[in-house]
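Structural description and commentary
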Amino acid sequence: MSFESLGLIPPLLKAIHEVGYTEPTPIQAQAIPAVLSGGDLLAGAQTGTGKTAGFTLPLLHKLALQLEKNGAGAKRPVRALILTPTRELAAQVEECVRSYGKYLPLRSLVIFGGVGMNPQIDALRRGVDILVATPGRLLDHHQQGTVDLSQVEYFVLDEADRMLDMGFIHDIRRVLAVLPKQKQSLLFSATFSDDIKALAERLLDHPKVIEVARRNATADTIGQKVFPVDRDKKKELLTHLIKSNDWHQVLVFTRMKHGANRLVEFLNKQGVTAMAIHGNKSQSARTKALSEFKSGELQALVATDIAARGIDIDQLPHVVNYELPNVPEDYVHRIGRTGRAGAEGEAVSLVCIDEEGFLADIEKLIKRSIPREVVSGFEPDPNAKAEPIQLGRRVLHGGATQRSGGGRSGGGQGNNAPRAAGNGQQRPSSRPGQPGGRRPQQQAQGKPRSARP
Ligand code: AMP
């Protein structure tokens, strides 16, 4: 199948050709005709599947044809609204809109919190066809009367499951309340939990449902490996791996912000260029880190889970789990940063005895065991005892020997979660009815993550 056969207009085909896509990915092959034919859409697809082009291309096509027919009026009301959970994702989606729409006379804008309102207000006043936004900042503009959403014809909720995880349900409802009833709505989500289904029922009218395989859970293009190591040797092992393999563009995950900062300091001292990206960093620091990482100036980008969500870098070769996530689904999201759109990637995890329980949960979720490899010179102490892991104000017991005693914790990044975009909300530190945030067993068995009650 080709993009031409999908019937997209020539200016889009030209832009697609320039970015180097030769054929639509499976989600694009399904979503593009579905959006073009009108009607609502419920799409199950993760980051890495090409979903962004799956909705931006047909929207650009329709908006451009309408503009051609009706002409550009003096006022350019927002006709397409795309909501995303994080600032990074919003910026990247808008970058896609701009790059695919470069030969079209359409205007796009991204708005998110953490930066000044005034430039956004000026841009909105000048007229915008496609608005990409995080919910909090969009509502700020709406309350101030600086954005008019009454002419929205197309509405996209991107990474809806993440939005619910981050506690955005009330903001989403508030946005829905001010949008016109008559519109085409598209909902993209990696998982179809009951909460997503309830949201879809409220938002979508007889939607077409499409789903592509959870590629990350089965992706053969991602080589996964575990390096068992003592907790106090991880820094040295990571440096050794980066240097001895001459790795560039390594995305490194830590559980906590200060862990990310400490690791960056260490790597810099060892001569590895690294920066951290997490919720305590200003927007400009995050943007700088990301662009230096993309351009290859930075060897390593150290990120927490939410900050890394949506980082879109073509063919990221290496992902390192410096610390395993206590939420197994986060592992799948993390390694989804590599091996994209058919490219080969490698995801390695440095696992100490404290995290063996987390590893067992991950292997259960992805339904495969990850090969272990001990690196010479970094053999773990066979007599080491598992210790609890401090996560903000919570204490997690991730060591295999401690798991049967209960008290394992999960279900969100808790106190260490980076600030949610726009409205300063944080992910919950524990779920009501689950003392200590204990993870419900069903989630460890591969069921979709559900939102807060
Ligand atoms: P997404 O799932 O939208 O985050 O896209 C994942 C990655 O796939 C991005 O880096 C895109 O640039 C890339 N991509 C999207 N569509 C295609 C395509 N048809 N062919 C090759 N790469 C693509």
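Conventions and cut-offs
Residues numbered from 1 in each chain as written. Predicted model: local features only at pLDDT ≥ 70, side-chain atom pairs only at ≥ 80, totals over all residues. Heavy atoms only, no water. Phe/Tyr/Trp six-rings, centres within 6.5 Å; stacked < 30°, edge-to-face > 60°. Helix = DSSP H or I, 4+ residues; strand = E, 2+ residues; numbered from the N terminus. Buried < 20%, exposed > 50% of the residue type's maximum accessible area, 1.4 Å probe, protein only. 1 Å grid on protein atoms, 1.4 Å probe; cavity = no way out; pocket = protein on both sides within 12 Å on 5 of 7 lines; lining within 4 Å. Points joined across faces, edges and corners; volume = space filled by probe spheres on them. Axes fitted to C-alpha atoms, helices over the stretch in contact; angles between N-to-C directions. Parallel < 35°, antiparallel > 145°, perpendicular 65-115°, else oblique. Left-handed = near helix turned anticlockwise from the far one by under 90°. Contact = heavy atoms within 4.5 Å. Nonpolar A, V, L, I, M, F, W, Y, C, P; charged D, E, K, R; others polar. Pairing = 2+ DSSP bridges. Core = buried A, V, L, I, M, F, W, Y, C linked by side-chain atoms within 4.5 Å. pLDDT = per-residue confidence, 0-100.

Structural notes on the packing of aromatic side chains
What the rule picks out here adds up to 2 aromatic pairs. Here the aromatic rings of F55 and F188 are separated by 5.0 Å at their centres, their planes lie at 55 degrees, and the arrangement is tilted. Placement of F55 in helix α3 (residues 51-70) and of F188 in strand β6 (residues 184-189) is noted, with a sequence separation of 133 residues between them. When its relative accessible area of 0% is taken as the criterion, F188 is described as buried.

Topic: the layout of surface pockets
One number sums up the size of the second largest pocket: a volume of about 470 Å³. The wall of the second largest pocket is formed by 21 residues, among which R231, R255, R262, E323 and I389 lie closest to the centre. Every element with two or more residues in the lining of the second largest pocket is listed here: α11 (234-244), α12 (257-269) and β14 (389-391). Tallying contributions element by element places α12 first for the lining of the second largest pocket, with 4 residues.

What to know about unusual backbone geometry
Its identity as a non-glycine residue notwithstanding, H206 has a phi of 40 degrees, on the positive side. Inspection of the secondary structure puts H206 in the loop between α9 (194-203) and β7 (208-211).

What to know about the packing of helix α2 (residues 26-36) against α3
Following both chains from N to C, one finds α2 and α3 inclined at 30 degrees, their axes separated by 8 Å at the closest point. The angle between α2 and α3 places the two elements in the roughly parallel class. Between α2 and α3 lies a crossing of right-handed hand. Of α3, the residues touching α2 (which contributes I27, Q28, A31, I32, V35 and L36) are K51, A53, G54, L57, P58, L59, H61 and K62. Classifying every residue of the contact of α2 with α3 gives 9 nonpolar, 3 polar and 2 charged.

Topic: the sheet that holds strand β2 (residues 80-83)
Read from one edge to the other, the open sheet built from 7 strands follows the order β3-β4-β2-β5-β6-β1-β7, with strand pairing classed as parallel. Of all strands in the sheet, those with a lone pairing partner are β3 (108-111) and β7, marking the two edges. This sheet shows a mean twist of 15 degrees between the axes of neighbouring strands, independent of strand direction. In this sheet, strand β5 (residues 154-157) lies alongside β2 in parallel orientation, the contact comprising 4 bridges. Paired with L81 across the two strands is F155, which belongs to β5. Each of β2, β4 (130-133), β5 and β6 is contacted by α3, which is oriented at about 170 degrees to β5, the strand it contacts most. Each of β1 (41-44), β5 and β6 touches α9; the most contacted strand, β6, lies at about 170 degrees to it.

Quick notes on the nonpolar core
The biggest cluster of nonpolar side chains holds 43 residues, and the ones touching the most others in it are L8, L41 and L57. With 8 residues, α3 is the largest single contributor of residues to this core. With residues up to four places along the chain from it excluded, the contact list for L41 reads A31, A34, V35, S185, L186, L187, F188, L204, P207, K208 and I210. Core analysis: the next-biggest nonpolar cluster, separate from the first, contains 34 residues, A133, V147, F155 and V175 among them.

Quick notes on the confidence of the model for the chain
In this model, the chain carries a mean pLDDT of 82, and residues with pLDDT of at least 70 account for 82%. Note on residues 401-453: pLDDT is under 50 here. Beyond four places in sequence and across chains, it has 154 contacts.

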